[in-house]
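# Survey of secondary and tertiary structure
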Amino acid sequence: VQLVESGGGLVQPGGSLRLSCAASGFIFSRYVMSWYRQAPGKERELVADISSAGGNTNYANSVKGRFTISRDNAKNTVYLQMNSLKPEDTAAYYCHVQIVVSIYGNLRDYWGQGTQVTVSS
């Protein structure tokens, strides 16, 4: 399993960024995909997730109305469109998937390497 994020960078408050996560090594269209973030000195937190077919999404209260998660199962890619960015959105953003790894239903978490988002003037 490999998750490769891209699209981070430095942006001014109020600006936008679009993160991408290219997935491989598993049947992408079968799994919920998530974006997490971790700011310095803070715990990693769930930002958004999306169901396998893309019909259901969930967001952290702090990003509702500003961020949109989407996926393209033909491209094995999940996206996070981030608008109206605030300094408190500054963090490393991680792509995540939890996969069944045995016939007994054992689950394993997989993470990308992260992409840094910095919101500053």
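Figured I'd write up the structure that's included with this text. Starting from 1, residues in each chain are numbered consecutively following that chain's sequence as written. Owing to the predicted nature of the model, reporting of local features is limited to residues with pLDDT of at least 70; listing and counting of side-chain atom pairs is limited to 80 or more, with chain, interface and lining totals taken over all residues. Side-chain measures here rest on the full set of heavy atoms in the structure, leaving out hydrogens and waters.

### Overview of the sheet that holds strand β3 (residues 17-24)
Selection rule: Only when DSSP finds a minimum of two bridges between them are two strands counted as paired. Counting from the N terminus, the helices are DSSP H or I runs at least four residues long and the strands are E runs at least two residues long. The convention used is that axes are lines fitted to C-alpha atoms, helices contributing only their stretch in contact, and that angles between N-to-C directions extend from 0 to 180 degrees.
The strand order across the open sheet formed by four strands is β1-β3-β8-β7, and the pairing between neighbours is antiparallel. Looking at strand neighbours, the two that pair on one side only are β1 (2-6) and β7 (67-72), the edges of this open sheet. The average angle at which neighbouring strand axes cross in this sheet is 15°, direction not considered. Where β1 lies against β3, five bridges are found, and the strand directions are antiparallel. Residue Leu-3 lies in a different strand from β3, and its bridge partner there is Ala-23.

### Focus: the side chain of His-96
Our working definition: Within 3.5 Å is the distance limit for a polar contact, defined as a pair of N or O atoms, with the added protein rule that one can donate a hydrogen and the other accept it, and that residues adjacent in sequence qualify only through two side-chain atoms.
Following the sequence through the fold, His-96 ends up in strand β9 (residues 91-100). Here the side chain of His-96 touches Asp-109 through a polar contact of 2.7 Å, side chain to side chain.

### Details of the pattern of salt bridges
The condition is simple: By definition, a salt bridge exists where a carboxyl oxygen of Asp or Glu is found within 4 Å of a side-chain nitrogen of Lys or Arg. Residue exposure (1.4 Å probe, protein chains only): buried if accessible area is under 20% of the type maximum, exposed if over 50%, otherwise partly exposed.
The tally for this structure, following the rule as stated, stands at three salt bridges. With a shortest N-O distance of 2.7 Å, Glu-45 and Arg-37 are connected by a salt bridge. Given a relative accessible area of 34%, Glu-45 falls into the partly exposed group. Given a relative accessible area of 6%, Arg-37 falls into the buried group.

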